[in-house]
Amino acid sequence: MSFDYDLFVIGGGSGGVRAARVAAGDTGAKVALAEEDRYGGTCVIRGCVPKKLMVFASEYSGMVEDAQAYGWDIQAGDFSWDAFKGKLHAELDRLEGIYRNLLKNSGVESFDQRAKLVDAHTVELSDGTRKTAKHILIATGGRPVVPEFPGSELAITSNEIFHLDKLPESILIVGGGYIASEFAGIMNGLGVKTTQFYRGEQILRGFDMEARNMIADGMVEAGVDLKLGTNVAEMRKEGDAIRVTDTAGNEHLFDVVMYATGRAPNADDLGLEQMGVARGAKGEIVVDDYSQTGVPSVYAIGDVTDRVNLTPVAIREGMAFVETVFKGNPTPVDHDLIPTAIFTQPEMGTVGLSEEEARAQEPIEVYAASFKPMQQSFAGRAAKVLMKLIVSQETRKVLGCHIVAPGAGEMIQLAGIAVKMGATKEDFDRTVAVHPTMSEELVTMKSPVRSA
Ligand code: NDP
């Protein structure tokens, strides 16, 4: 049977674009891709990239104070949201153009339309055109979800935060995950009076407790009004503001309320049900180690499969799909020991097991150093950093590395290589320190602070 294409990709985000262009560019496959929104997907258009630019923008206020402490006679002026927003969106336009060109230059035919599946080898575009393909790859990503409660329609999400007409005077951010905690730091740094509600005991559930405590302390120290064990009961419009009643019955007034309480896979209305493609509890597409669904010609990668929802993981899954299907080299995706950064202020880099997870698994030693780094200490800033290694007593392998420090994301990329290679504590120890740096502590910690 002959098909219009060897591969039809639905979704032009990081994972879909990578799979499409590698399949077309490296193997000469005939590839098409459909995207209903902007090319680049969540990460480039409404996630990692604009978020990180906002982190950079928000860090300058503290830098001016540090510069003064270092002898510079400078004053912080006002932050112009308009000036920043204009540049931000111009940059996103530029990046979207690059994504489109990458596809074009690899010979991928793209359709600026929504696509859904009709059968195991056919997709239908929103204009009604049908296209056939030997393989179909679903890479439709995810979207923020706001729980339903009285007034929930007043909340914005991370999708809208990059498009605010003006910077609010006050904001409530609800949630304690990556997105809520990162935006609390950003808004606070930009001079917005920032409150964060988190329903649990400590933000960033699932990460190392000592690191979580240090991040929360640092955020509060920097000015975030962090209310733990608190959630929203209801919200009402009051003039231009939003009156929020919390679960303890207290009332607050905010200009903007942003919800970051998790994301859902974009797998609805794709025609999956009638084909028998299985969905999981959160609605995600169920796939095997090779990203294949129960329908052999249909694969899915990235956030729509809700495995590890990170851009570089979606890209890896896309590359592994091409290896498996187009290069005859079956390649499962390795989801173990993925280093990751959380761009809170203070920033965190982490790989492997938290102290709590490791302790539940086997006897461990914990090595940790917490100190005021030279640059901030000289400037009179209180913020401490954390360098922490979790070591297996039996194998001496480093099971986890947790860093809370300026530049922690950059550091963990490198430490992640050693941990992934199976480095032992003694391997770290025989590496000479780079002096004077913060990360040298990772190779100079002599005695465990705890054994368990
Ligand atoms: P997360 O799933 O990480 O966090 C959701 C947060 O919202 C949790 O604190 C959760 O509380 C809370 N929550 C859930 N439901 C409710 C509710 N009904 N009422 C109040 N609070 C609620 O989601 P995010 O949206 O922060 O991020 C989504 C994903 O995006 C992440 O898992 C990550 O993979 C990715 N991401 C990665 C980034 C990075 O690499 N730096 C940056 C941003 C996103 P509880 O803990 O009690 O469940």
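Refer to the structure presented above.
Residue indices begin from 1 for each chain and proceed along its sequence in written order. With the structure being a predicted model, the display of local features is reserved for residues of pLDDT at least 70 and the display and counting of side-chain atom pairs for 80 or more, all residues being used for whole-chain, interface and lining totals. The basis for every side-chain value is the complete set of non-hydrogen atoms in the structure, without hydrogens or water.

J.: Help me out: how do you make sense of the site of the ligand in this one?
T.: In the neighbourhood of the ligand, 20 residues make up the surrounding shell, with Gly176, Tyr198, Arg205, Asn309 and Ala341 lying closest. N or O atoms within 3.5 Å of each other form a polar contact, as long as, within protein, one can give a hydrogen and the other can take it, and as long as residues adjacent in sequence are counted only when both atoms are side-chain atoms. Within the backbone of Gly262, a nitrogen or oxygen atom sits 3.3 Å from an oxygen atom of the ligand. Note that an oxygen atom of the ligand is positioned 2.8 Å from one of the backbone N or O atoms of Asn309. In short, Shrake-Rupley with a 1.4 Å probe defines the accessible areas, and a residue's cover is counted only from the protein chains shown. Surface burial for the ligand is 76%, taken as the share of its 910 Å² of free accessible area covered by protein chains. Numbering of helices and strands runs from the N terminus, with a helix taken as a DSSP run of H or I at least four residues long and a strand as a DSSP run of E at least two residues long. Broken down by secondary-structure element, the contributors of at least two residues to the shell around the ligand are α6 (178-189) and β17 (340-342). With three residues, the top contributor of residues to the shell around the ligand is α6. Only Asp, Glu, Lys and Arg are considered charged in this grouping, and only Ala, Val, Leu, Ile, Met, Phe, Trp, Tyr, Cys and Pro are considered nonpolar; every other residue, Gly among them, is considered polar. Tallied by class, residues from the shell around the ligand come to seven nonpolar, eight polar and five charged. We call a residue near a molecule or strand when any one of its heavy atoms sits within 4 Å of it.

J.: I would appreciate a short explanation of the pairing of strand β13 (residues 251-254) in the present structure.
T.: Across the two faces of β13 the burial differs, with His252 and Phe254 buried and Glu251 and Leu253 not buried at all. The criterion for strand pairing is that DSSP finds at least two bridges linking the strands in question. The antiparallel pairing of strand β12 (residues 241-246) with β13 creates a hairpin that spans four residues between the two strands, and Gly249 there sits at a positive phi of about 90°. The cut-offs for exposure are 20% and 50% of the maximum accessible area for each residue type, with area from a 1.4 Å probe on protein chains only; residues under the lower value are buried, those over the upper are exposed, and the others partly exposed.

J.: Honestly, the sheet that holds strand β18 (residues 348-352) in this entry has me stumped. Any pointers?
T.: Working definition: the strands of a sheet are paired by backbone hydrogen bonds and lie parallel or antiparallel to each other. On the basis of which strands lie adjacent, the open sheet formed by six strands has the order β17-β18-β21-β20-β19-β22 and antiparallel pairing. Edge positions in the open sheet fall to β17 and β22 (450-451), since each of these has one partner strand only.

J.: Whenever I open this one, the nonpolar core confuses me. Can you help?
T.: A general trend in soluble globular proteins is that nonpolar side chains are found buried together. Counting residues in hydrophobic clusters, the biggest one holds 41 residues, and the most contacted among them are Met54 and Ile161. Of all the secondary-structure elements, those providing two or more residues to this core are α3 (48-69), α4 (81-105), β8 (170-174), α6, α7 (209-222), β14 (256-259) and β17. Here Met54 is in contact with Trp81, Phe84, Phe162, Phe183, Ile186, Met187 and Leu190, once residues within four sequence places are set aside. The criterion is simple. A nonpolar core is a set of buried Ala, Val, Leu, Ile, Met, Phe, Trp, Tyr and Cys residues joined through side-chain atoms within 4.5 Å. Among the nonpolar cores identified, the runner-up in size contains 26 residues, and Leu7, Val22, Ala24 and Val322 belong to it. Residues are treated as being in contact if the distance between any of their heavy atoms lies within 4.5 Å.

J.: Which parts of the structure should I look at to understand the sheet that holds strand β11 (residues 232-238)?
T.: Overall, antiparallel pairing links the three strands, which are arranged β11-β12-β13 in an open sheet. In the strand order of this sheet, the two ends are held by β11 and β13, each with one partner. Going from strand to strand, the sheet's axes swing by 25° on average, the running direction of each strand aside. Where β11 and β12 come together, six bridges link them in antiparallel fashion. Under this scheme, a helix contributes an axis fitted over its contacting stretch, all axes are lines through C-alpha atoms, and angles between N-to-C directions fall in the 0 to 180 degree range.

From the geometry alone we can't say anything about function, so treat these as descriptive.
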